[in-house]
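Observations on chain architecture
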Amino acid sequence: MSIWFSLCGAVLVAAYLLGSTPTGYTLVKLLKGIDIREVGSGSTGATNVLRALGKGPGAFVLVVDCLKGVLSIFLAYWLFTLSSSNNLIPATVNQEIWQPIMVTLAGLAAILGHSKSIFLGFSGGKSVATSLGVLLAMSWQVGLSTFGVFLVVVAISRIVSLSSIGGAIAVSVLMILFHQPLPYILFGVAGGLYVIIRHRSNIERLFAGTEPKLGQKATVEAEPEQTVGSAG
């Protein structure tokens, strides 16, 4: 039993490290020689990279950050495939119960890693792209539907943060509508709330009417509330 639970722990650590991989930070540093955490919103995510470097780099960061979430979930699935084929799962462990729990924990670990990267002094992005990857790997129906909500809101508002918040709110409802396991529904609630909390400065700007729209360039320096140590 200790071997199997050790493997579970290793998967969660690996999922966190995958999420922590600083895609946006590294790309901007290589292409422009600047710290993306000192530009625009201070986020290392795709939207801030889009404003700083343009569509190509922004799309690249979006895809890679999404893949971090997908790979984290696949790690959890791989754990059960490996354990089953080698009879590592203890007889007292119900796989039907534990698999969705482990998938959920791996997803949360990846999201936490993206926003609190160990490689960036526990700063990072707002976990939207990584969350989308997690959702697509958990349930492609929920993932695509959430992305659909995002696209509809961004098409109407041209505001990425508002679209991300809309998707975060929709996740829990979509999990229920598509009859997902309870751990996945709880993930929808916890993950959605976390993404919304990570957008608290954006929410303040939305109410103030100062939130930038899609296509607007990042400012030279990060906003005062977004320091390197607390970037969203």
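Scoring rules and cut-offs
- Starting from 1, residues in each chain are numbered consecutively following that chain's sequence as written.
- Note on the predicted model: pLDDT of at least 70 is required for a residue's local features to be given, and 80 or more for side-chain atom pairs to be given and counted; whole-chain, interface and lining totals, by contrast, use all residues.
- The basis for every side-chain value is the complete set of heavy atoms in the structure, and neither hydrogens nor water enter the calculation.
- To qualify as a helix, a DSSP run of H or I must reach at least 4 residues; to qualify as a strand, a run of E must reach at least 2; elements of each kind are numbered from the N terminus.
- Radius of gyration here uses only the C-alpha atoms, and the compact-globule reference equals 2.2 Å multiplied by the residue count raised to the power 0.38.
- UniProt positions are given in the numbering used here, feature names are shortened, and annotations may be inferred rather than shown by experiment.
- Three labels apply to residues, based on accessible area from a 1.4 Å probe with only protein chains included: buried if under 20% of the type maximum, exposed if over 50%, partly exposed otherwise in between.
- What the arc covers is the set of directions going from the helix axis to the C-beta atoms.
- Every residue pair with non-hydrogen atoms within 4.5 Å of one another is taken to be in contact.
- Grouping buried Ala, Val, Leu, Ile, Met, Phe, Trp, Tyr and Cys residues that are joined through side-chain atoms within 4.5 Å yields what is termed a nonpolar core.
- A fitted line through C-alpha atoms serves as each axis, taken over the contacting stretch for helices, and the angle formed by two N-to-C directions is quoted from 0 to 180°.
- Between 65 and 115 degrees an angle is taken as roughly perpendicular, under 35 as roughly parallel, over 145 as roughly antiparallel, and anywhere else as oblique.
- Handedness of a helix crossing follows the sense of rotation of the near helix relative to the far helix, less than a right angle counterclockwise being left-handed and clockwise being right-handed.
- For this classification, Asp, Glu, Lys and Arg are treated as charged, while Ala, Val, Leu, Ile, Met, Phe, Trp, Tyr, Cys and Pro are nonpolar and the rest, including Gly, are polar.
- Patches here: salt-bridge-free residues with over 30% relative accessible area, like charges joined within 9 Å, nonpolar side chains (Val, Leu, Ile, Met, Phe, Trp, Tyr) joined within 5 Å.
- The method behind every accessible area is Shrake-Rupley, applied with a 1.4 Å probe, and residues are considered shielded solely by the protein chains displayed.
- When a carboxyl oxygen of Asp or Glu lies within 4 Å of a side-chain nitrogen of Lys or Arg, that pair is called a salt bridge.

What to know about the overall build of the protein
Looking only at helices and strands, the protein has 10 helices and 0 strands in total. In the protein, the succession of α and β elements from N to C terminus is α-α-α-α-α-α-α-α-α-α. Against the globule reference of 17 Å for 232 residues, the protein gives a C-alpha radius of gyration of 18 Å, in line with a compact fold. Structurally, the protein occupies a C-alpha span of about 55 × 40 × 30 Å along its principal axes.

Some remarks on the UniProt feature "transmembrane region" (unreviewed entry) in the protein
Under the local residue numbering, the UniProt record ascribes the feature "transmembrane region" (unreviewed entry) to residues 59-80, 101-122, 128-152, 159-176 and 182-197. Within the segment residues 182-197, helix and strand shares are 100% and 0% respectively, and the terminal C-alpha atoms sit 23 Å apart.

A few points about helix 10 (residues 200-208)
Every buried residue of helix 10 is accounted for by Ser201, Asn202 and Arg205. Around the axis of helix 10, the buried residues are gathered within 100° of arc, so they sit on the same side. Exposed and oriented more than 90 degrees from the buried face of helix 10 are Glu204 and Phe207. Looking at the packing, one finds that the buried side of helix 10 touches helix 8 (160-177) and helix 9 (182-198). Positioned one or two residues after helix 10, Gly209 has a phi angle of 75°, which is positive.

A few points about the nonpolar core
Ranked by size, the top nonpolar core spans 21 residues in total, and within it Ile73, Val103, Leu135, Met138, Met175 and Phe187 carry the most contacts. Among the elements of the structure, helix 1 (2-20), helix 4 (55-85), helix 5 (95-115), helix 6 (128-138), helix 8 and helix 9 are those that each provide at least two residues to this core. Other than its neighbours up to four places away in sequence, Met175 contacts Leu135, Met138, Val142, Gln180, Tyr184, Ile185 and Phe187. Grouped together as the second largest cluster of nonpolar side chains are 10 residues, Tyr25, Leu27, Val28 and Val49 included.

Observations concerning the environment of Leu108
Here Leu108 is to be found in helix 5. Along the backbone, Leu108 and Leu12 are 96 residues apart, and their C-alpha atoms lie at a distance of 9.0 Å. For Leu108, the residues in contact, after removing those within four places along its chain, are Phe187 and Ala190.

Here we look at the packing of helix 4 against helix 6
The interhelical angle for the contact between helix 4 and helix 6, taken along N-to-C directions, is 40°, at an axis separation of 7 Å. When the axes of helix 4 and helix 6 are compared, the pair comes out oblique. The interaxial crossing formed by helix 4 with helix 6 has right-handed handedness. The segment helix 4 lies against helix 6, with Leu62, Asp65, Cys66, Lys68, Gly69, Val70, Ile73, Phe74 and Tyr77 engaging Ala129, Thr130, Leu132, Gly133, Val134, Leu136, Ala137 and Met138. Looking at the contact of helix 4 with helix 6, its residues break down into 12 nonpolar, 3 polar and 2 charged.

With respect to unusual backbone geometry
Of note in the backbone geometry, Asn87 takes a positive phi value of approximately 55° without being a glycine. Position of Asn87 relative to the elements: it lies in the loop between helix 4 and helix 5.

Comments concerning a nonpolar patch on the surface
Together, Val13, Leu17, Ile118, Phe119 and Phe122 give the surface a local cluster of nonpolar side chains, amounting to about 460 Å² of exposed area. You can see Phe119 is positioned in the loop between helix 5 and helix 6.

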